[in-house]
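Each chain, letter by letter, is given below.
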Amino acid sequence: MAALGASLLVAFIVVGTLGVAAPTPAAAQSFTYNPRPPKPSHPPAKNDGQMLVQATEVDYDYNNQRISAVGNVQMFYNGTSVEADKVIYDQKTKRLHAEGNIRMTDAEGKITYANIMDLSDDYRDGFVDSLRVDTEDQTRMAATRADRSSGNYTVFDNGVYTACAPCKDDPKKPPLWQVKGARIIHDQAEKMLYFENAQIEFFGVPMAYLPYFSTPDPTVKRKSGFLMPGVTSYSAYGYGVEIPYYFALAPDFDATFNPRFTSKQGVLLQGEFRQRLSNGSYQVRLYGIDQTDPGAFAGQPGDRQFRGGVETKGQFALNDKWVWGWDGVALSDYYFMSDYRLAAYKDPFGSFITLPTEAISQLYLTGVGNRSFFDARAIYYLSFSGNQSQVPVIAPVIDYNNVINSPILGGEFSYKMNFTSLTRDTAVFDPITTVANTNSLCTSASADPMARLPSQCLLRGMPGTYTRLTAEAQWRKSYTDPFGEIWTPFVSIRGDAINADISNQPGVSNFLPVGDTQTVRLMPTVGFEYRYPFINVQPWGTTTIEPIAQVIIRPNEPNAGKLPNEDAQSLVFDTSNLFSIDKFSGYDRVEGGSRANVGVQATTQFDRGGSVKTMFGQSYQLFGLNSFAVTDVTNTGVDSGLQNARSDYVASVAYSPNRTYTFSVRSRMDEATWNINRFEAQGTANFDRWSVSLMYGNYAPQPELGYLTRREGILASGSVKVATNWVLQGAARWDLEANKINQYVVGAGYVDDCFVLAANYVTSYTYQAGTTPPVLSHAFMFQIGLRTIAQSSTTSSSAGIQ
């Protein structure tokens, strides 16, 4: 409140049900209003020095210049409201005294509860007894007494602070955590809380004692100061302690400096700078260490005096449709991140995690329209395993696709484009045989490319420069005839311009022609799709059975298997791509030859909820060259189930009886013997307190792809809410062929609106250069967080050859 004094004589207003009453004569100094006035939902706006009072009774003592309001008092002044049983304002001393069930709400939403309050009229000085303060961001303070001085300092005697809500069933029960202090000093100018002789309690039990500590008050979102320390350990550097310091440099940028003091290698310096601009943001992170014992990494990349790195990222909006940005990483050596465990673990619950094997540096431009998309990137992959010469540099890769808004010839017309140019220094061979001296088989020179047998090795990445421009346009339209049959004709044409400058390295000529090769590839396609849905309605639900047939006419794939294959190396044939016009996953291969895809799908929707969806089908090579029977540098289509004139059968079933359970089965069966070549079954269940997911996979050998034996395993994950806010979670992968659990995650945690406690044990594999077996790493992670106070974590890691 600004100066209240004499202005009250003019501006004091008493409000009753009959309207507004001016000050009355001395003979009638009181006004009695029996009904309790309604509480306002929020304090009124500032009212230019006028005070509004509502009360059962208001007395004016003109002799002593004292005004008393008694009974259900509500006072409003300049955005602040006071409610109490009794309020007395002394104009001589300019003191405001309130008693009984006091509730004061300031303009910022902070609520103070008390039994007695005695303050100056501008709230600069005074005291409050038995108070409790609730802030707008759900923090709470209480004290036996609070003294306020200079309009800036508030001293809470026997103070208690917490960010936890009181128990609904028992408000007197101690909160989950609270900080008690003999004195808590609030400096409003600095916006700091200072605790003296403090102790941290959990559920009312003291757990830690701190003679002194400070923290920004709840109104502060950013403030310079020390953050909670963290503890890590790993065999490479021993034990490490991080003590971060945060710099709130300006409203739009800040920095964090967090040195890690290690027991074996000295101090690892780390710093991060962040800035947010009007159209985006960026950040830069620096690392550096002068190792005290480089010999601990003898024979490894880390055997050097200085090690360090830099990471940066940023993204900016050009307008509401276009953004550009970057990611960048540069390291002194490729194993720096792994040795110091600087690549953060992801959330382990429900999935297996590993330390990253590479970092991405890229520059990109992305645009999104109503029915169009554009993305252009230049990408550099930094390998953490030392195989940098085998990793391509992609500069650039550009994608654009668009669907025309207006119909063309009554149908939908769309087009897309892809441009890719990549360079690799060294060829990447993948041995796929148990024969001794396999590497020599892969790299041996031969005048006859057919001397390379598919059972020996694959060429995963070609050395040299590969550039390809692809453009494709498609038109399609659906007709429904009077019998309910759906006919969808479609036409497309695709063109590729390819330039491959392949280095003549040992063994490469066994797979591809070396030197400079240019070619143009054209693939026109004409086809139609036929569907005839049959609907059966019963009292228990509706079933739709829909036969589907698709015929695709096109020429043979040009230069099939004789060109590099960088982006179409993965192919899984199942019901999800049975009716795809081109079943290759990337652009480097294009499906050729005429083909028919046939199948039937059935969907049942039950009236009481739940559904079943099934599909069964097969693909046929009608005439021309079967692209999937052609061996290329990675044998992509070989043994995929599509390599024969009559493909394997594919089937799937998905059943969801309700929101709790889901089940699905996917299978691929040999066309001649009906033997199962690929089988996956998955089930999930989600209840109020627990959930579980189980997946079983069984895959036949694919020796042409390097899978020499049958693979069979189970992946399981689950979580259970053992109590309110307490969760146990875990996941495991069981290799049934080796009969062992080869990777797992277990963890427990407590999470609510004011407290986080989590502990996780994680196993993950790290792959290194050459033929070195993968390293199985074990990590224990512990995290604790108190809302508005601090958050700290501890990580312990170890590794061993498995």
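Residues numbered from 1 in each chain as written. Predicted model: local features only at pLDDT ≥ 70, side-chain atom pairs only at ≥ 80, totals over all residues. Heavy atoms only, no water.

This brings us to the overall build of the protein chain. Of the regular secondary structure elements, the protein chain holds three helices and 49 strands. Each of the 802 residues in the protein chain was classed as buried or not, and the buried ones make up 42%. Excluding contacts between residues fewer than 6 apart, the proportion of contacts in the protein chain whose partners are at least 24 apart in sequence is 51%. Carbon and sulfur atoms form 58% of the exposed surface of the protein chain, whose accessible area is close to 39,700 Å². (Helix = DSSP H or I, 4+ residues; strand = E, 2+ residues; numbered from the N terminus. Buried < 20%, exposed > 50% of the residue type's maximum accessible area, 1.4 Å probe, protein only. Contact = heavy atoms within 4.5 Å. Areas by Shrake-Rupley, 256 points an atom, 1.4 Å probe, with all protein chains shown as cover.)

Glancing now at the pairing of strand β6 (residues 66-77). Of all twelve residues that make up β6, nine are buried, and the element is covered over most of its length. Sheet topology note: the strand β4 (residues 51-54)/β6 ladder contains four bridges and is antiparallel. Counterpart to Val53 in the pairing with β6 is Met75. The sheet contact formed by strand β5 (residues 57-61) and β6 spans five bridges and is antiparallel. The residue bridging Asp59 from the neighbouring strand is Ser68, located in β6. (Pairing = 2+ DSSP bridges.)

Ring pairs (aromatic) are described by centroid distance and by the angle formed between their planes. Tallied over the entire structure, the rule returns 36 aromatic pairs. When the ring of Tyr161 is compared with that of Trp177, the centres are 6.4 Å apart and the planes differ by 55 degrees; the resulting orientation is tilted. With Tyr161 in strand β12 (residues 153-162) and Trp177 in strand β13 (residues 177-187), this residue pair connects regions lying 16 residues apart in the sequence. Just as Tyr161 is buried, Trp177 falls in that class too. Within the aromatic cluster, the residues linked to one another by ring pairs are Trp322, Phe374, Tyr400, Phe413 and Tyr415. Looking at Arg260, its charged tip hangs above the ring of Tyr237, at a distance of 5.2 Å from the centre. (Phe/Tyr/Trp six-rings, centres within 6.5 Å; stacked < 30°, edge-to-face > 60°. Lys NZ or Arg CZ within 6 Å of the ring centre and 35° of its normal.)

Ranked by internal contacts, the top residues of the largest apolar core, which has 45 residues, are Leu131, Trp177, Phe195 and Phe755. Ignoring any residue separated from it by four or fewer positions in sequence, one finds Trp177 in contact with Tyr161, Thr162, Ala163, Cys164, Glu201, Phe202, Cys754, Phe755, Leu786, Arg787 and Ile789. Among the nonpolar cores identified, the runner-up in size contains 20 residues, and Ile379, Ile498, Ala500 and Ile502 belong to it. (Core = buried A, V, L, I, M, F, W, Y, C linked by side-chain atoms within 4.5 Å.)

As a further point, take a nonpolar patch on the surface. A cluster of nonpolar side chains, contributed by Phe226, Val231, Val241, Ile243, Phe247, Leu249, Phe257, Phe261, Val267 and Leu269, occupies part of the molecular surface with about 850 Å² of accessible area. Of all elements in the fold, only β19 (245-250) and β22 (266-277) reach the threshold of two or more residues within the nonpolar patch. Its place among the elements puts Leu269 in strand β22. (Patch = residues over 30% accessible without salt bridge, like charges linked within 9 Å, V, L, I, M, F, W, Y side chains within 5 Å. Salt bridge = Lys/Arg side-chain N within 4 Å of Asp/Glu carboxyl O.)

With respect to the element layout, Val70 can be found in strand β6. Through-space distance from the C-alpha of Val70 to that of Asp59 is 8.2 Å; in sequence the pair is eleven residues apart. With residues near it in sequence (within four places) discarded, Val70 still touches Ala55, Thr56, Glu57, Asp85 and Lys86.

Turning next to the pattern of salt bridges. Scanning the entire structure with this criterion turns up 33 salt bridges. Asp648 serves as the salt-bridge partner of Arg668, at 2.6 Å between the closest nitrogen and oxygen. Of this pair, Arg668 sits in strand β41 (residues 661-669) while Asp648 sits in the loop between β39 (611-623) and β40 (649-656), and the two are 20 residues apart along the sequence. Each member of the pair, Arg668 as well as Asp648, carries the same accessibility label: buried. A single network of salt bridges, built from pairs that share partners, joins Asp254, Glu272, Arg274 and Arg285.

For the rest of this paragraph, the subject is the environment of Arg274. Structurally, the position occupied by Arg274 is in strand β22. Arg274 sits 20 residues away from Asp254 along the chain, and the two C-alpha atoms are 5.5 Å apart. Setting aside residues no more than four positions away along its own chain, Arg274 makes contact with Tyr246, Asp252, Phe253, Asp254, Ala255, Thr256, Tyr282 and Gln283. Within the structure, Arg274 has its side chain in polar contact with the side chain of Asp254 (distance 2.9 Å). In terms of polar contacts, Arg274 uses its side chain to reach the side chain of Glu272, at 3.0 Å. (Polar contact = N/O pair within 3.5 Å; in protein donor to acceptor, adjacent residues only side chain to side chain.)

You can see Arg140 is positioned in strand β11 (residues 140-149). At 3.3 Å, the side chain of Arg140 forms a polar contact with the backbone oxygen of Cys164. In this structure Arg140 touches Val133, Asp134, Val160, Tyr161, Thr162, Cys164, Ala165 and Pro166, once residues within four positions along its chain are discounted.

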